[in-house]
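Take a look at the letters that make up each chain.
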Amino acid sequence: MAGLDKRRASDFIGMLQQLGGKDGRARPVTEDPVQLCSEAIKTCQMASESLLLRERDAPLSKQSYAGCCDTVVAKGKELSLAAENLESELVGRRAEGVCRQLALLAEAVCVVTETTAQAVFMVAEKTPGCKKAVPGAVDMYVLNRGRLAVETAAAGFSRDTTGQDQMLAIAAVIATHLELIREEVLNAAAKLKAKSPHDAGIFTAAANALSGNAAVLVAAIKAFAANPSKEARTNAHLFTRPTIASLDALISFSTNEKFIGVPPQVRREVADYIKPMQAAAMSLVSGTTLMIGAAKNALTNPSDRSGAVLVTRYRESVTTSMHALLVALKAARDAKLNGAKMMYEDPK
C-alpha cells in the first residue's frame, strides 16, 4: 500500500482532506463540515485522554525540552489562526473553508498535546532527584491514535462520493498507521522475547495478522482503482472490518497490567511545575472541542445565533489556555530547586 507519510501521523484528518497534497484540486474525503466537526472532536479527545489523563512511562519522541517549547509556540500560532479563520468561514457559510480550518485545528491540538506530554516527561525524567521511568511493552498512544485514524479513514469507503483520488488518501492514512502500529507491536515482541516468550509470540502474530489484513485491503483498493464501481467500493469497506477488529483485540490485549510501565516518580517541588502544564493543555483541548461543538451547532441550526456567539467565547478561552501553557512551560524551563537551576538533559 503506497503513500506512507509517518511525519503526518497526527494529521490524518488533514491527509483525508488532501491538505498539502501535490494536486491542490483534489477533493477531500469528507466534504460535510458537520461530519468533520465530529471527527475533529474525537481526534482532540483521543489525544487528551491518551496523553494528559495518564502519565507516560517513555518519551514520545527525541525532542528536547527547548524543542518542545519552540513547537508549542509555533503550533499555538497555527491553532489560534485556524480558530479565527473557522469563525470567519462560519460567518461566510463556506463549507470548504470550514472543513479546512477544522482539519488544521485537529492537527494543531494533537501536536500541542503530544509536545506537552513530551515536555512533562522530560521534566519528570531529567530533573535530579526524580526516579526514572520503567518503560512498558507498548506505547498505547500509537495504538489508540492509529485505531481512530483507520476508523476515520475507513468511513470514507461508505460514501457514494468517494472516487479514486479520495481512495488514495484513505489508503495513505490506513497504510501509515498500520505500519506504525506494526512497528510498535514488533518492538513489544522484541522486549518480551526473553522474559515472556509466549506473550512475545502473540504480539508477533498480531503484527502478522495486521499485515495480512492490509494485504487483502490493498487488493480491494486496487480493484476499485481499476474499476471504480459501487461494488468495488463496498468491497473495500467490507475488508476494513477485520482490520479494525484486529486493532480492537490488540488494544485490549495490550492494556494488561503486565505490559504497562511505571511513569517517573517526581518530587513534590517538581510536580508543582508539571501540574500547570498539564492543566493548561487539558483546558486548551477542552476549549477547542467546545468551540468545534459550537461550530457544529451553528452549522446544523443556522438560524440559532447562540452557536456563533459560543464559537467566539470558546475561541477566546483557547487563546487564554495557550498563553497559560506557554507560561507554564517557561516557568519549568527557568525553575530553580534548592538554589540550582532545574536542568534537563536532551535525549541522546
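The coordinates are above.
Residues numbered from 1 in each chain as written. Predicted model: local features only at pLDDT ≥ 70, side-chain atom pairs only at ≥ 80, totals over all residues. Heavy atoms only, no water.

Tallying secondary structure elements over the protein chain gives 11 helices and 2 strands in all. Sequence-ordered secondary structure for the protein chain, helices as α and strands as β, is α-α-α-α-α-α-α-α-α-α-α-β-β. In terms of overall size, the protein chain behaves like a compact globule, its C-alpha atoms giving a radius of gyration of 21 Å where 348 residues would be expected to give roughly 20 Å. Each principal axis of the C-alpha atoms in the protein chain carries an extent, and together these give about 70 × 60 × 30 Å. Across the 348 residues that make up the protein chain, the buried fraction comes to 51%. For the protein chain, the share of sequence-separated contacts (at least 6 apart) that also reach a separation of at least 24 residues comes to 81%. Element-wise, carbon and sulfur atoms account for 54% of the exposed surface of the protein chain, whose accessible area totals about 16300 Å². (Helix = DSSP H or I, 4+ residues; strand = E, 2+ residues; numbered from the N terminus. Rg over C-alpha atoms; globule rule 2.2 N^0.38 Å. Buried < 20%, exposed > 50% of the residue type's maximum accessible area, 1.4 Å probe, protein only. Contact = heavy atoms within 4.5 Å. Areas by Shrake-Rupley, 256 points an atom, 1.4 Å probe, with all protein chains shown as cover.)

Below, the discussion takes up the packing of aromatic side chains. Aromatic ring pairs are described here by two measures, namely the spacing of the ring centres and the angle between the planes. Throughout the structure, instances matching the rule amount to 3 aromatic pairs. Measuring from centroid to centroid gives 5.2 Å for Phe 203 and Phe 259, while their planes differ by 70°, and the two rings are edge-to-face. Highlighted residues: Phe 203 in helix α7 (residues 197-226) and Phe 259 in the loop between α9 (241-254) and α10 (268-300), separated in sequence by 56 residues. Its relative accessible area of 0% is what places Phe 203 among the buried residues. Judged by centre distance (5.1 Å) and plane angle (55°), the rings of Phe 253 and Phe 259 are tilted. Judged by its relative accessible area of 1%, Phe 259 is buried. (Phe/Tyr/Trp six-rings, centres within 6.5 Å; stacked < 30°, edge-to-face > 60°.)

Next up on the list: the pattern of salt bridges. Under the criterion given, the structure shown has 15 salt bridges. The partner of Asp 139 in a salt bridge is Arg 56, with the nearest N and O atoms 2.7 Å apart. Of the two residues, Asp 139 sits in the loop between α4 (95-126) and α5 (140-154) while Arg 56 sits in the loop between α2 (33-51) and α3 (65-92), which places them 83 residues apart along the sequence. Note on accessibility: Asp 139 and Arg 56 belong to one class, buried. When the shortest N-O distance is used, the salt bridge between Asp 334 and Arg 333 registers 3.0 Å. What you see here is one network of salt bridges that share partners, running through Lys 75, Glu 78 and Glu 107. (Salt bridge = Lys/Arg side-chain N within 4 Å of Asp/Glu carboxyl O.)

A few words now on unusual backbone geometry. Positioned with a positive phi, Arg 93 is a non-glycine residue whose angle comes to about 55°. Note on placement: Arg 93 falls in the loop between α3 and α4. Residue Arg 93 is classed as exposed on the basis of its relative accessible area of 66%.

Right, let's talk about a nonpolar patch on the surface for a bit. A grouping of Val 216, Leu 238 and Phe 239 is seen on the molecular surface, where their side chains present a nonpolar patch of about 220 Å² in accessible area. One can find Leu 238 in helix α8 (residues 230-238). Judged by relative accessible area, which is 38%, Leu 238 ranks as partly exposed. (Patch = residues over 30% accessible without salt bridge, like charges linked within 9 Å, V, L, I, M, F, W, Y side chains within 5 Å.)

It is worth spelling out α4 at this point. When the terminal C-alpha atoms of α4 are compared, their 46 Å separation across 32 residues agrees well with the 46 Å that a helix rising 1.5 Å per residue should span. The buried fraction of α4 is high, at 27 of 32 residues. (Expected span 1.5 Å × (residues − 1).)

Scope: geometric values only; no functional claims are made or implied.
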